[in-house]
Amino acid sequence: MAGKVYSTAKEALEGLTFDGMTVMAGGFGLCGIPENLILALRDSGVKGITAISNNAGVDDFGLGLLLQTRQIKKMVSSYVGENKEFERQYLSGELEVEFNPQGTLAERCRAGGAGIPGFYTKTGVGTLVAEGKEHREFNGETYILETGLVSDLSIVKAQKGDTQGNLVFNKTARNFNPPMAMAGKVTVAEVEELVPTGDIDPDEIHLPGIFVQRIVKGTFEKRIEQRTVRKREHY
């Protein structure tokens, strides 16, 4: 099990990347994103990526770095409003985008990780989201069919992990990271703190190590997506 631990993000991705691959990247906004693995993915030079992520980072950070280098051909996302390069590529037809309601995206990832190929939801009925999708009625209500998502590679970030890959997430960072880790054919996790196996109380583990194939300790910038300040009040 100790063989899961890698020294660098670059080493942790060796042999896992190929052109045209599908990558899930965990995080919520810039909270809990796999900063080091995104950089390593950029430096690998892999092209034609289909990226599944709640958001697209910002122009010079997170998945925005892969948009700058044109390594992403398609985004499957929910909220993308913080990235001007994303906007430019989308409006110019350079980037394919599959928009999802946020809850639907989360459930698509969870379903994929649970081996569920599809599910019905009321979210999006009567909107552009429902176009081209199967409609069915249950108890007099209309639902649309959404498919589960899986990835060739999932990259996630946790606050703490052990050498077996058991992970603990911090608050909001838990939103998308665990289901995306479960939905990856291969999952690589980066952590702030790497501890020996047995140091994490089993009741505190958010994601069992069976879902994590590789793990690396990273260093993190932890940017704030929208920094808002006000003048200090004087008394």
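See the structure above.
The paragraphs below set out a description of the structure included in this document. Numbering of residues starts from 1 in every chain and runs along the sequence as written. For this predicted model, a pLDDT threshold of at least 70 governs which residues receive local features, and a threshold of 80 or more governs which side-chain atom pairs are given and counted, while totals over whole chains, interfaces and linings are taken from all residues. In computing side-chain values, all of the structure's heavy atoms are included and hydrogens and water are not.

## Quick word on the packing of aromatic side chains
Condition: Stacked, edge-to-face and tilted are the three classes for Phe, Tyr and Trp ring pairs, Trp counted by its six-membered ring, which pair at centre distances within 6.5 Å; planes under 30 degrees apart are stacked, over 60 edge-to-face, the rest tilted. To sort residues, take the accessible area from a 1.4 Å probe on protein chains only and compare it with the maximum for the residue type: under 20% means buried, over 50% means exposed, and anything in between is partly exposed. Distance and angle both matter: a charge sits over a ring if NZ of Lys or CZ of Arg is within 6 Å of the ring centre and within 35 degrees of the ring normal.
Going through the model one piece at a time under the given rule, you end up with 5 aromatic pairs. Both rings, one in Phe138 and one in Tyr143, keep their centres 5.5 Å apart while their planes meet at 85°; by these two values the pair is edge-to-face. Judged by its relative accessible area of 21%, Tyr143 is partly exposed. An aromatic cluster of at least three residues, connected via ring pairs, comprises Phe86, Tyr90 and Phe99. Between the NZ or CZ atom of Lys157 and the centre of the ring of Phe220, over which it lies, the distance is 4.6 Å.

## A word on unusual backbone geometry
Basically, it comes down to this: Numbering goes from the N terminus for both helices and strands, where a helix is a DSSP run of H or I of at least four residues and a strand is a run of E of at least two.
One non-glycine residue, Arg70, adopts positive backbone phi at about 60°. Within the secondary structure layout, Arg70 lies in the loop between helix H3 (64-68) and strand S4 (72-77). Given the relative accessible area of 42%, Arg70 is considered partly exposed. With a phi close to 50°, Lys171 is a non-glycine residue in the positive phi region. Residue position: Lys171 is located in the loop between strand S10 (167-168) and helix H6 (177-182).

## Observations concerning a nonpolar patch on the surface
Here is the rule: Exposure above 30% relative accessible area and the absence of a salt bridge qualify a residue for a patch, where like charges join within 9 Å and nonpolar side chains (Val, Leu, Ile, Met, Phe, Trp, Tyr) within 5 Å. Accessible areas in this description were obtained via Shrake-Rupley with a 1.4 Å probe; residue shielding takes into account the shown protein chains only. Whenever a carboxyl oxygen of Asp or Glu lies within 4 Å of a side-chain nitrogen of Lys or Arg, that contact is scored as a salt bridge.
A contiguous nonpolar surface patch, about 320 Å² in accessible area, is contributed by Tyr90, Leu91 and Phe99. Residue class for Tyr90 comes out partly exposed when judged on its relative accessible area of 36%.

## Here's the deal with the pairing of strand S9 (residues 153-162)
Here is the rule: Pairing between strands requires that DSSP locate at least two bridges from one strand to the other.
For S9, a buried count of 8 out of 10 residues is recorded, marking the element as mostly surrounded by other parts of the structure. Two strands pair when backbone bridges link them, and S9 and strand S11 (residues 187-195) are joined in this way by 8 bridges, in the parallel orientation. Across the sheet, the residue bridging to Lys160 is Glu193, located in S11. What sits between the antiparallel neighbours S9 and S10 is a turn of 4 residues, in which Gly165 has the positive phi angle 95°.

## A short note on the state of the cysteines
Note the following rule: To count as a disulfide, a pair of cysteine sulfur atoms needs to be within 2.5 Å.
Evaluated as defined, the whole model comprises 0 disulfides. Free of any disulfide, Cys31 has its nearest neighbouring cysteine sulfur in Cys109, separated by 16 Å. Cys31 gets classed as partly exposed once you look at its relative accessible area, which sits at 31%. Residue Cys109 is classed as buried on the basis of its relative accessible area of 0%.

## Digging into the side chain of Glu146
We apply this condition: Pairs of N or O atoms are called polar contacts if they sit within 3.5 Å, as long as, within protein, a hydrogen donor faces a hydrogen acceptor (for residues adjacent in sequence, only side-chain-to-side-chain pairs). Contacts: residue pairs with any heavy atoms within 4.5 Å of one another.
Tracing the backbone through its elements, the reader meets Glu146 in strand S8 (residues 141-147). On the basis of relative accessibility, which here comes to 2%, the residue Glu146 falls in the buried class. Within the structure, Glu146 has its side chain in polar contact with the side chain of Lys133 (distance 2.8 Å). Apart from the residues lying within four places of it in its own chain, the contact partners of Glu146 are Thr104, Arg108, Pro117, Gly118, Phe119, Thr121, Val129 and Lys133.

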